[in-house]
Amino acid sequence: MGTHIRAGELDIWAEQTGQGPDVLLIGGLGDTVESWQFQLDGLSDRYHLIAFDNRGAGRTAMPATPVSVETMADDAAHLLRAVEVPSAHVAGFSGGSIIAQELALRHPELVRSLVLQSTWPAMDPYLRSWARFVRWLVEVAPSERAFLEGFFLDIYTARAHNDGTVDQLIEEVLAFPHKQTPEDVQRFLDSFIEHETTERLPLISVPALVLAGGLDPTARPELCRAVAEKIPHARFEIMEKEAHQPFQEIPDEWNFRVDAFWRAVEAGN
């Protein structure tokens, strides 16, 4: 079960499970602990996993102060220190991967390795336009369901839409009691739109695995590849038949890949 942990200026909602090497999981736009459920269930037999709600998402409040990727990276650092984890394998997806990049740059001593799913160094014009579309959609959609149905078209594969997976995800989101306000969604998006790590990525010195969905129309493989090419010795893999969030659609395969990477890091390979 999760709990609020005082970390810096925030009471951050976090869940910890399992034993073994420490792992920090960082969610994307508005995503909460629950987005990582397949990893919390599937990897806790060999890792100590920490997942949390970013500021302004779920059960962590959004302060009145400006929000930025740097601020959210500092939140993650405060959380690791609060739970007395000296360094962790850090995995993030989408906006969470951008926070993970910044965490490794701002607090390198806390990061053992990086897994970056559906990432980018800076938004190109296409991705920036898509983010601005989502910013508009959350404001004008006639209902939460309508927003999710539109937003998820670019997040999950046609397979997941056709087999009922997306319908189930929508019902779970609608039933979730801790809603993110449209204004907070927009503040998140604004921070990601403006952020860039292109020239600083070569400063990251920890092992990194960059994963792309071959069918992802947003954080497309060429954007993910650009990150891998900037981080020294990073591994780059494309999951050809997947979209933005394969860790939810095919969690067993995703967990297998990431577990193999973490085992190699732990073994010094």
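Everything in this summary refers to the structure shown in the same document.

So, how was this worked out
Residues numbered from 1 in each chain as written. Predicted model: local features only at pLDDT ≥ 70, side-chain atom pairs only at ≥ 80, totals over all residues. Heavy atoms only, no water. Helix = DSSP H or I, 4+ residues; strand = E, 2+ residues; numbered from the N terminus. Rg over C-alpha atoms; globule rule 2.2 N^0.38 Å. Contact = heavy atoms within 4.5 Å. Areas by Shrake-Rupley, 256 points an atom, 1.4 Å probe, with all protein chains shown as cover. Lys, Arg positive; Asp, Glu negative; His and termini not counted. Charge placed at Lys NZ, Arg CZ, Asp CG, Glu CD. Pairing = 2+ DSSP bridges. Axes fitted to C-alpha atoms, helices over the stretch in contact; angles between N-to-C directions. 1 Å grid on protein atoms, 1.4 Å probe; cavity = no way out; pocket = protein on both sides within 12 Å on 5 of 7 lines; lining within 4 Å. Points joined across faces, edges and corners; volume = space filled by probe spheres on them. Nonpolar A, V, L, I, M, F, W, Y, C, P; charged D, E, K, R; others polar. Expected span 1.5 Å × (residues − 1). Buried < 20%, exposed > 50% of the residue type's maximum accessible area, 1.4 Å probe, protein only. Arc of directions from axis to C-beta. Polar contact = N/O pair within 3.5 Å; in protein donor to acceptor, adjacent residues only side chain to side chain. Phe/Tyr/Trp six-rings, centres within 6.5 Å; stacked < 30°, edge-to-face > 60°. Core = buried A, V, L, I, M, F, W, Y, C linked by side-chain atoms within 4.5 Å.

**Details of the overall build of the protein chain**
- Secondary structure summary: the protein chain contains eleven helices and eight strands in total.
- For the protein chain, whose C-alpha radius of gyration is 17 Å, the value lies close to the compact-globule estimate of 18 Å for 269 residues.
- For the protein chain, long-range pairs separated by at least 24 residues make up 77% of all intrachain contacts whose partners lie at least 6 apart in sequence.
- Total accessible area on the protein chain is roughly 11,400 Å²; 52% of this is exposed by carbon and sulfur atoms.
- Here the protein chain contributes 22 positive and 41 negative side-chain charges, whose respective centroids are spaced 4 Å apart.

**Some points on the sheet that holds strand β4 (residues 48-52)**
- Pairing in this open sheet of eight strands is mixed, and the strands run β1-β2-β4-β3-β5-β6-β7-β8 from one edge to the other. Edge positions in the sheet fall to β1 (3-7) and β8 (235-239), since each of these pairs with one other strand and no more. On average, adjacent strands in this sheet sit at an angle of 25° to one another, irrespective of strand direction.
- Across the sheet, helix α2 (residues 69-82) lies against β1, β2 (10-17), β3 (22-26), β4 and β5 (88-93), angled at about 105° from β1, the strand it touches most.

**Here we look at the layout of surface pockets**
- In this structure, the largest pocket encloses a volume near 1,200 Å³.
- Forming the walls of the largest pocket are 50 residues, and the residues nearest its centre are Gly30, Asp31, Leu148, Phe152 and Val173.
- Of all the secondary-structure elements, those providing two or more residues to the lining of the largest pocket are α1 (37-42), α4 (125-140), α5 (144-151), α6 (158-162), α7 (165-175), α8 (182-194) and α10 (246-249).
- Examining the composition of the lining of the largest pocket, we find that five residues originate from one element, α7, more than from any other.
- Tallied by class, residues from the lining of the largest pocket come to 25 nonpolar, 17 polar and eight charged.

**A few points about helix α11 (residues 251-266)**
- Under the 1.5 Å per step criterion, the end-to-end length of α11 is 22 Å for 16 residues, consistent within 8% with the ideal 22 Å.
- Among all positions in α11, only Pro251, Trp254, Asn255, Val258, Asp259, Phe261, Trp262 and Val265 are buried. Each buried residue of α11 sits inside an arc of 165° when the element is viewed along its axis, so together they form one side. Exposed residues lying more than 90 degrees from the buried face of α11 are Asp252 and Phe256.
- Positive backbone phi, approximately 80°, marks Gly268, located one or two places after α11.

**Quick notes on the environment of His244**
- With respect to the secondary-structure elements, His244 resides in the loop between β8 and α10.
- Separated by 25 residues in the primary sequence, His244 and Ala219 place their C-alpha atoms 7.1 Å from one another.
- Setting aside residues up to four positions removed in sequence, His244 forms contacts with Ser94, Gln117, Ser118, Asp154, Ile155, Asp216, Thr218 and Ala219.
- For His244, the side chain forms a polar contact with the side chain of Ser94, separated by 2.8 Å.

**Quick look at the packing of aromatic side chains**
- Considering all chains together, one arrives at twelve aromatic pairs under this definition.
- Ring geometry for Phe151 and Phe152: centres 5.8 Å apart, planes at 40°, overall tilted. The exposure classification of Phe151 matches that of Phe152, with both residues buried.
- Aromatic ring contacts, followed pair by pair, group Trp130, Phe147, Phe151, Phe152 and Tyr156 into a single cluster.

**A word on α8**
- With 13 residues, α8 extends 19 Å from end C-alpha to end C-alpha; this agrees with the ideal 18 Å at 1.5 Å per step.
- Taken as a whole, α8 has its buried residues at Asp184, Val185, Gln186, Phe188, Leu189, Ser191, Phe192 and Ile193.
- Tucked into the core, α8 has its buried residues touching α2, α3 (95-106) and α4.

**Examining the environment of Val227**
- The topology assignment puts Val227 in helix α9 (residues 221-230).
- Taking the C-alpha atoms as reference points, Val227 and Pro202, separated by 25 residues in sequence, lie 9.4 Å from one another.
- When near neighbours in sequence (up to four residues on either side) are disregarded, Val227 contacts Gln101, Leu116, Thr119, Trp120, Pro121, Leu201 and Val210.

**A look at the nonpolar core**
- In terms of nonpolar packing, the biggest core is built from 71 residues, with Leu24, Ile26, Leu79, Leu103, Leu114 and Phe152 touching the most fellow members.
- By residue number, the principal contributor to this core is α2, which donates seven residues.
- Beyond its immediate sequence surroundings of up to four residues, Leu103 is in contact with Leu24, Ile26, Ala73, Ala76, Ala77, Val90, Pro108 and Val111.
- With 23 residues, the next largest nonpolar core counts Leu211, Phe247, Trp254 and Val258 among its residues.

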